[in-house]
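For reference, the chains in residue letters:
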Amino acid sequence: EIRVNGRRVVAAERHRTIVLNKPVGVLSTMSDPFGGRTVADLVKTPERLVPVGRLDKDSEGLLLMSNDGTLVNELTHPRFNHTKTYMVKVAGRWSEEKLDLLRSPLTLDDGYTIRPVPVEVAEDLGSNVRVLQFVLSEGRKRQIRKMCSLARLVVLTLKRVKVGGFSLPAELRPGEWRDLTDAELRQ
């Protein structure tokens, strides 16, 4: 125990950042008053880690968690322009016009007009099913799902695979997590 002028001095908590492959059905929050399953149920650490951004209950993939406030701010504040990449399996009658629509500055149901989004067809699975890659520089609530709805496409799966220059590690199965390496933190 260390005391200065009679007052106990507590060492600062060491910074810790982990990557979680969030499964579908888990909330990106530390607690749920309705008893839903949360990321806190999956990630048990002595440090109090918070999700860096959000990933809705019906989505899966890369979710960073940290107790480093500076890092959390840098990754979530819009002024830092960190992109997020998603792979989205959609169903619906396809046309190039739908791709053009998805890339345009759409007005969402809340009246907000989003900036144009780079969208590419990553894979054509046949039977009117495709995997699209979205690269978002802003993140409105359920933005990709709303964009697809405007294009009359049904989202079958939505997975975040990249934040900035950091990609979801291939070895992490849904529900698994690990600490970031120093090199990954620099990314």
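Residues numbered from 1 in each chain as written. Predicted model: local features only at pLDDT ≥ 70, side-chain atom pairs only at ≥ 80, totals over all residues. Heavy atoms only, no water.

What to know about the confidence of the model for the chain
Phase 1 of the analysis: Confidence in the prediction for the chain averages 93 pLDDT; 100% of positions are at 70 or higher.
Phase 2 of the analysis: Here strand β2 (residues 7-9) stands out as the least confident element of the chain, with mean pLDDT 87; strand β6 (residues 84-91) is the most confident, with 98. (pLDDT = per-residue confidence, 0-100. Helix = DSSP H or I, 4+ residues; strand = E, 2+ residues; numbered from the N terminus.)

Some remarks on the packing of aromatic side chains
Phase 1 of the analysis: The final tally for this structure, using the stated rule, is zero aromatic pairs.
Phase 2 of the analysis: Geometry around Y112 places R140 over its ring, the cationic atom sitting 3.9 Å from the centre. (Phe/Tyr/Trp six-rings, centres within 6.5 Å; stacked < 30°, edge-to-face > 60°. Lys NZ or Arg CZ within 6 Å of the ring centre and 35° of its normal.)

Topic: the pattern of salt bridges
Phase 1 of the analysis: The final tally for this structure, using the stated rule, is 16 salt bridges.
Phase 2 of the analysis: For the salt bridge of R142 with D58, the shortest nitrogen-to-oxygen distance reads 4.0 Å. Taken together, the residues R142 in the loop between β8 (129-136) and α4 (143-150) and D58 in the loop between β4 (50-51) and β5 (60-66) connect sequence positions 84 residues apart.
Phase 3 of the analysis: The shortest N-O distance in the salt bridge between R178 and E184 comes to 2.7 Å.
Phase 4 of the analysis: Taking the relative accessible area as the measure of exposure, R178 reaches 21% and is therefore partly exposed. (Salt bridge = Lys/Arg side-chain N within 4 Å of Asp/Glu carboxyl O. Buried < 20%, exposed > 50% of the residue type's maximum accessible area, 1.4 Å probe, protein only.)

Some words on unusual backbone geometry
The general pattern is negative phi for most residues beyond glycine and trans for most peptide bonds.
Phase 1 of the analysis: Positive phi is not limited to glycine here, since N81 has a value of about 55 degrees.
Phase 2 of the analysis: The topology assignment puts N81 in the loop between α2 (69-76) and β6.
Phase 3 of the analysis: Taking the relative accessible area as the measure of exposure, N81 reaches 52% and is therefore exposed.
Phase 4 of the analysis: One non-glycine residue, S127, adopts positive backbone phi at about 50 degrees.
Phase 5 of the analysis: Its location among the elements puts S127 in the loop between β7 (119-126) and β8.
Phase 6 of the analysis: Residue class for S127 comes out exposed when judged on its relative accessible area of 74%.

Observations concerning the environment of C148
Phase 1 of the analysis: The topology assignment puts C148 in helix α4.
Phase 2 of the analysis: Among the residues examined, C148 registers a relative accessible area of 0% and is labelled buried.
Phase 3 of the analysis: Sequence separation between C148 and E120 is 28 residues; the distance between their C-alpha atoms is 13 Å.
Phase 4 of the analysis: Every residue in contact with C148, bar those within four places of it in the chain, is listed here: V90, L102, F134, L153 and V155. (Contact = heavy atoms within 4.5 Å.)

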